[in-house]
Amino acid sequence: MIELLLIDRKPTDIWKLLIPRKNILLAEGQGFEDLIFYYRDNLYFVHEDGAVVGMKRPREVEKIAPDELWELLFYAKDTFDYDDQGLFSIGSILLEMGYLTEVQQNQRKSYRVELVDMLDSSRVRSFELQSVSFQYALYRALLECHLLDLDGGESVEYEVLQIVEISQPLQQMHT
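The structure reproduced in this document is the subject of the present report. (Residues numbered from 1 in each chain as written. Predicted model: local features only at pLDDT ≥ 70, side-chain atom pairs only at ≥ 80, totals over all residues. Heavy atoms only, no water.)

**Brief notes about the overall build of the chain**
And then number 1: Scanning the chain for helices and strands turns up four helices and nine strands.
And then number 2: Along its sequence from the N terminus, the chain presents helices and strands in the succession β-α-β-β-β-β-α-β-α-β-β-α-β.
And then number 3: A buried classification covers 45% of the 175 residues belonging to the chain.
And then number 4: For the chain, the exposed surface amounts to about 10,200 Å²; the carbon and sulfur share of it is 47%. (Helix = DSSP H or I, 4+ residues; strand = E, 2+ residues; numbered from the N terminus. Buried < 20%, exposed > 50% of the residue type's maximum accessible area, 1.4 Å probe, protein only. Areas by Shrake-Rupley, 256 points an atom, 1.4 Å probe, with all protein chains shown as cover.)

The following block contains the structure:
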C-alpha cells in the first residue's frame with residue numbers, strides 16, 4: 001500500500017506531482033527554488049511560497065535559458081498574478097487555468113483521499129476514488145479543497161492531508 005502524506009509538502013512539490021514532467025521547464029533541484037512550467041498556451045511561475053504568476057507562452061520556450069525566462073516574466077505586459085486576483089489555493093488556480101489532468105490508462109489504482117481543515121484539525125473529510133491515476137486523485141483532492149473553502153467561507157481552509165493507495169474500497173464516504 002502506498003501512502004503519500006502531502007500536508008507538509010511545499011506548494012512547488014504539489015505542483016510537480018500534478019504537472020506532467022514534459023511540461024516542466026525549471027524545477028527545484030536544478031538550482032532554483034521555484035517551478036516554471038507550461039500548459040496549453042501559457043507559462044506559469046510557481047514561487048516557493050505558493051504564489052503563481054502566468055503569462056502567454058513564448059515561442060520555443062523550451063530553448064530559452066532560465067535567466068531569460070525570469071526576465072520575460074519581469075518585462076511581460078500580459079502577466080496574470082493569481083494572488084492579485086484573490087486566487088490562492090491550487091484548486092482555484094487549476095480552475096482558472098482550465099487545467100485537466102492527463103488520463104493515464106496504465107496507472108489506474110484506487111485511492112483514499114483525506115482533506116483537513118487547517119483552521120480546525122478535527123474537521124477531516126475523506127473519500128475514495130476507484131480506478132484512477134494518482135495525478136487524477138490529487139487533482140480531484142485539490143478541487144475538492146477549493147469547493148469546501150468556497151462553501152465554508154473564511155471559517156475553513158482545507159488542504160490535502162494525504163492520498164493513500166487502497167486495495168479494498170470502503171463502501172461509503174466519510175465526513
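After that view, the rundown keeps rolling.
**Focus: the nonpolar core**
Burial of nonpolar side chains together is a common tendency in soluble globular proteins.
And then number 1: One finds Trp15, Phe37, Leu94, Met97, Leu115 and Ile163 to be the most contacted residues of the largest nonpolar core, which totals 38 residues.
And then number 2: Those elements giving two or more residues to this core turn out to be α1 (11-18), β3 (35-39), β4 (42-46), α3 (90-97), β7 (109-117), β8 (120-132), α4 (134-152) and β9 (158-166).
And then number 3: Looking at which element gives the most residues to this core, the answer is α4, with nine residues.
And then number 4: Once residues within four sequence positions are removed from consideration, leucine 94 is found in contact with Trp15, Leu18, Tyr99, Tyr139, Leu142 and Leu143.
And then number 5: Among the nonpolar cores identified, the runner-up in size contains 12 residues, and Leu25, Leu26, Phe45 and Val53 belong to it. (Core = buried A, V, L, I, M, F, W, Y, C linked by side-chain atoms within 4.5 Å. Contact = heavy atoms within 4.5 Å.)

**Re the pattern of salt bridges**
And then number 1: A complete count under the given rule lists eight salt bridges for this structure.
And then number 2: With a shortest N-O distance of 2.9 Å, glutamate 114 and arginine 112 are connected by a salt bridge.
And then number 3: For glutamate 114, a relative accessible area of 13% translates into the label buried.
And then number 4: Among the charged side chains, a network of salt bridges with common partners joins Asp117, Asp120 and Arg123. (Salt bridge = Lys/Arg side-chain N within 4 Å of Asp/Glu carboxyl O.)

**Thoughts on the packing of α1 against α3**
And then number 1: Look at α1 against α3: their axes get within 12 Å of each other, and the N-to-C directions meet at 45°. By the angle between their axes, α1 is oblique relative to α3. Relative to α3, the crossing made by α1 is right-handed. Facing α1, whose interface residues are Pro11, Ile14, Trp15 and Leu18, α3 presents Ile90, Ile93, Leu94 and Met97.
And then number 2: In the contact of α1 with α3, the residues fall into eight nonpolar, no polar and no charged. (Axes fitted to C-alpha atoms, helices over the stretch in contact; angles between N-to-C directions. Parallel < 35°, antiparallel > 145°, perpendicular 65-115°, else oblique. Left-handed = near helix turned anticlockwise from the far one by under 90°. Nonpolar A, V, L, I, M, F, W, Y, C, P; charged D, E, K, R; others polar.)

**A short note on the layout of surface pockets**
Over the atoms rolls a probe the size of a water molecule, and its path tells where empty space is left.
And then number 1: Roughly 760 Å³ of internal volume is contained in the largest pocket.
And then number 2: Phe88, Ser89, Ile90, Tyr158 and Glu159 are the residues nearest the centre of the largest pocket, which is lined by 33 residues in total.
And then number 3: Elements with a minimum of two residues in the lining of the largest pocket: α1, α3, α4 and β9.
And then number 4: Here the residues of the lining of the largest pocket sort into 18 nonpolar, seven polar and eight charged.
And then number 5: Of the voids in this model, the second largest pocket is the one considered here, and its volume is about 450 Å³.
And then number 6: Taken together, 23 residues form the lining of the second largest pocket, with Lys16, Leu17, Arg21, Phe134 and Gln135 sitting closest to its centre.
And then number 7: Mapped by element, the contributors of at least two residues to the lining of the second largest pocket are α1, β7, α4 and β9.
And then number 8: A per-element tally of the lining of the second largest pocket places α1 first, with four residues.
And then number 9: In the lining of the second largest pocket, the residues fall into 12 nonpolar, four polar and seven charged. (1 Å grid on protein atoms, 1.4 Å probe; cavity = no way out; pocket = protein on both sides within 12 Å on 5 of 7 lines; lining within 4 Å. Points joined across faces, edges and corners; volume = space filled by probe spheres on them.)

**Things to note about the side chain of histidine 146**
And then number 1: Looking at where histidine 146 falls in the secondary structure, it is placed in helix α4.
And then number 2: Setting aside its immediate chain neighbours within four residues, histidine 146 contacts Ser89, Gly91, Ser92 and Leu95.

**Thoughts on the sheet that holds β3**
And then number 1: If you trace the five strands from one edge of the open sheet to the other, you get β2-β3-β4-β5-β6, paired in antiparallel fashion. Two strands in the sheet have a free side with no partner beyond their single neighbour: β2 (24-26) and β6 (80-81).
And then number 2: Relative to β4, helix α2 (residues 66-75) is tilted by about 100°, and along the sheet it contacts β2, β3, β4 and β5 (52-56). (Pairing = 2+ DSSP bridges.)

Just distances and angles here, no functional claims.
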